[in-house]
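Survey of secondary and tertiary structure
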There are 2 protein chains.
Amino acid sequence: MGRWEPDARGRLEKAAMELYTQRGFDQTTVAEIAERAGLTKRTFFRHYTDKRDVLFAGANYLQDLVVKAVAEAPAAATPIAAVVAGLDAAAELLQERWSGARDRQAVITANPELRERELIKLANLAAGIAAALRDRGVPDRAANLTAEAGIAAFKCGFEDWVARPEPHDLATVIRESLDELRAATEAL
Amino acid sequence: MGRWEPDARGRLEKAAMELYTQRGFDQTTVAEIAERAGLTKRTFFRHYTDKRDVLFAGANYLQDLVVKAVAEAPAAATPIAAVVAGLDAAAELLQERWSGARDRQAVITANPELRERELIKLANLAAGIAAALRDRGVPDRAANLTAEAGIAAFKCGFEDWVARPEPHDLATVIRESLDELRAATEAL
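Residues numbered from 1 in each chain as written. Chains lettered and ligands numbered in written order. Predicted model: local features only at pLDDT ≥ 70, side-chain atom pairs only at ≥ 80, totals over all residues.

The two copies are related by a screw operation: chain B maps onto chain A through 180° of rotation and 0.0 Å of translation along the axis, at an RMSD of 0.0 Å. Such values leave the two copies arranged in the relation of a two-fold axis. Interface overlap between copies is the fraction of interface residues in one copy that are interface residues in the other; for chain B against chain A it reaches 100%, indicating a shared surface. (Least-squares fit on C-alpha atoms with pLDDT ≥ 70 in both. Contact = placed C-beta atoms within 7 Å.)

Encoded structure:
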């Protein structure tokens, strides 16, 4: 597997984010990312399948974390409270990474293909949460809609969080979004 | 532009849906669709850009219809009531097409690429509704979350509607989904 490269993955991610931000995602090649990181293309492909993967490699980890937190919420928790437990776990993970999350969001917003990939990531997250709710005994339709409500609040809250000029508490921002969602549907 | 072909578009759509349902989307070619419709590939490409387009050609029309209904809701309507007016317009359009919608949904569910395209369609619809709400003077975050709530209810309601063994009133099913969404967030 080649010689050991100290923190190759972190160096590649940093180099990629710099290039995506400076030149744009489409204008960056894997060779340039590897060169800036002082590594080879071969090393890049040991860590990532392609240049898009650098931006989405954390998605599975995030999803597992959220789904686990939903599953492990107290048995007495309402479905939405279980979802909030999941979103709190996501917020805790992301909280220290505000600056990186801002850069990533800017790269994704600028590129239609990446925006589509992000939508798919969120849809998978919603499906994972809905499955975890069904495992808790929540009926199908309630599981789907509670998961969708959580993802809508997460999506809007996250976008709000990265758009602010300084870091706020992400869990609070997501919770505010959920309150807004509740207020909106109450006006029915 | 070639000779006039009576209802070429409808014949192509019918032929495509039959082939997608019988053989699968990936296993169907444009040449086969044209042949089954008794038309040429050239005629196919006058009406559709590719075989995927047959399934999504109605998306722009649906979006325009929904956004227009949101925009034209009474000035006194709450944001969610304006969204419901938009969803009612969509339901009215789709109501008579239950059987075709079932076939289309089965084709889309079976194919990951088509599922992604469907997600993008719904995200565009959410963005269009949010923009229409902002034009009504609804603040940014409330506009985004009300639009997301509407789309979540539409998505789950629509899936429920096509899954039932006989046609129900789509507007009612969507409204039930929205009630479920409200009930879910009330338990916060």
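Anyway, onward from the coordinates.
This part takes up the packing of helix α1 (residues 8–23) of chain B against helix α7 (residues 98–109) of chain B. Residue and element names in this part refer to chain B. Packing of α1 against α7 brings their axes to within 10 Å, and their N-to-C directions diverge by 50°. On the basis of their axis angle, the class for α1 and α7 is oblique. Once α1 is placed against α7, the crossing between them reads as left-handed. When α1 is examined against α7, the residues Met 17, Tyr 20 and Thr 21 are found in contact with a partner set consisting of Asp 103, Arg 104, Ala 106 and Val 107. Taken together, the residues that form the contact of α1 with α7 break down as 4 nonpolar, 1 polar and 2 charged. (Axes fitted to C-alpha atoms, helices over the stretch in contact; angles between N-to-C directions. Helix = DSSP H or I, 4+ residues; strand = E, 2+ residues; numbered from the N terminus. Parallel < 35°, antiparallel > 145°, perpendicular 65-115°, else oblique. Left-handed = near helix turned anticlockwise from the far one by under 90°. Nonpolar A, V, L, I, M, F, W, Y, C, P; charged D, E, K, R; others polar.)

Contact with chain B, which involves 27 residues of that partner, is made by 27 residues of chain A. For the side of chain B that touches chain A, the secondary structure elements donating two or more residues are α6 (79–95), α8 (112–135), α9 (140–163) and α10 (170–186) of chain B. Element by element, the count of residues in the side of chain B that touches chain A is highest for α9 of chain B, at 10 residues. Its residues assigned to classes, the side of chain B that touches chain A comprises 15 nonpolar, 5 polar and 7 charged.

Turning our attention to unusual backbone geometry. Residue and element names in this part refer to chain A. Phi at Asp 7 is positive, roughly 45°, even though this residue is not glycine. Its place among the elements puts Asp 7 in the segment before α1 (8–23). Exposure remark for Asp 7: the 10 C-beta atoms within 10 Å place this residue in the exposed category. (Buried ≥ 20, exposed ≤ 12 C-beta atoms within 10 Å, placed from the backbone.)

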